[in-house]
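Listed here are the chains, written in short residue letters.
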Amino acid sequence: MEREDSFPQRVWQIVAAIPEGCVTTYGDVAKLAGSPRAARQVGGVLKRLPEGSTLPWHRVVNRHGQISLTGPDLQRQRQALLAEGVVVAGNGQIDMQRYRWNY
DNA sequence: ATCCTGACCTGAC
DNA sequence: GGTCAGGCCAGGA
């Protein structure tokens, strides 16, 4: 029995706790996960998410308040955010000062 | 055990 | 205000 949840599991927990209509950064998620410098790993976890997962991964963006994805994935995340009332520019830019979620 | 990779961050020019 | 290089952490081969 694992005494402590693994990082992916922690990331899932944290991302799942992000309120609807809000966004956060990979760095913040990593910080809450206990490893402030493991922001990259957060992205790696979200990338390997199972299809059936209801995890709101689209609420996680980079430090610049911009979607780090490209092409169809970028559009998908943008649509998901727009559906929640988050204003996202065509290039994936988001007004962090307005939607940033602080634990 | 080693080496490479990555949906990043920070500091410096 | 942008761009470049370095670093850090965890997973997978």
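Reading the values: rules and limits
Residues numbered from 1 in each chain as written. Chains lettered and ligands numbered in written order. Predicted model: local features only at pLDDT ≥ 70, side-chain atom pairs only at ≥ 80, totals over all residues. Heavy atoms only, no water. Near = heavy atom within 4 Å. Polar contact = N/O pair within 3.5 Å; in protein donor to acceptor, adjacent residues only side chain to side chain. Helix = DSSP H or I, 4+ residues; strand = E, 2+ residues; numbered from the N terminus. Phe/Tyr/Trp six-rings, centres within 6.5 Å; stacked < 30°, edge-to-face > 60°. Lys NZ or Arg CZ within 6 Å of the ring centre and 35° of its normal. Salt bridge = Lys/Arg side-chain N within 4 Å of Asp/Glu carboxyl O. Buried < 20%, exposed > 50% of the residue type's maximum accessible area, 1.4 Å probe, protein only.

(A) Just the protein's contact with DNA strand B, in detail. Taken together, 13 residues lie near DNA strand B, and Y26, R40, K47, W57 and S68 sit nearest. In the interface set of DNA strand B, defined as its atoms within 4 Å of the protein, sugar plus phosphate atoms amount to 44%. Taking Y26, its side chain carries an N or O atom lying 2.8 Å from a base nitrogen of DNA strand B. In the environment of DNA strand B, a base nitrogen lies 3.1 Å from a nitrogen or oxygen atom belonging to the side chain of Q41. Of all the secondary-structure elements, those providing two or more residues to the surface near DNA strand B are α2 (26-33) and α3 (39-47). For the surface near DNA strand B, the element with the highest residue contribution is α3, accounting for 6 residues.

(B) Fine view of the packing of aromatic side chains. Taken as a whole and judged by the stated rule, the model has 0 aromatic pairs. When the ring centre of F7 is taken as origin, the NZ or CZ atom of R10, which lies over that ring, is 5.8 Å away.

(C) A look at the protein's contact with DNA strand C. Residues in close proximity to DNA strand C include F7, P8, S35, R37, A38, R40, Q41 and R48, which together make up its full environment. Of everything in DNA strand C that lies within 4 Å of the protein, sugar and phosphate atoms constitute 67%. Q41 has a polar side-chain atom sitting 3.0 Å from a base nitrogen of DNA strand C. Side-chain polar atom of R48 to a phosphate oxygen of DNA strand C: 2.3 Å apart, as the coordinates give it. Listing elements by their share of the surface near DNA strand C, those giving two or more residues are α1 (7-16) and α3.

(D) Inspection of the pattern of salt bridges at higher detail. Counted by the stated rule, this structure contains 3 salt bridges. Between R100 and D28 there is a salt bridge, with the nearest N and O atoms lying 3.0 Å from each other. Taken as a pair, R100 in the segment after α5 (96-99) and D28 in helix α2 lie far apart in primary sequence, 72 residues in all. Across the pair R59 and E84 runs a salt bridge, and its minimum N-O distance is 2.7 Å. With a gap of 25 residues between them, R59 in the loop between α3 and β2 (60-61) and E84 in the loop between α4 (71-82) and α5 connect regions that are remote in the sequence. Comparing R59 with E84, the two get one shared label, buried.

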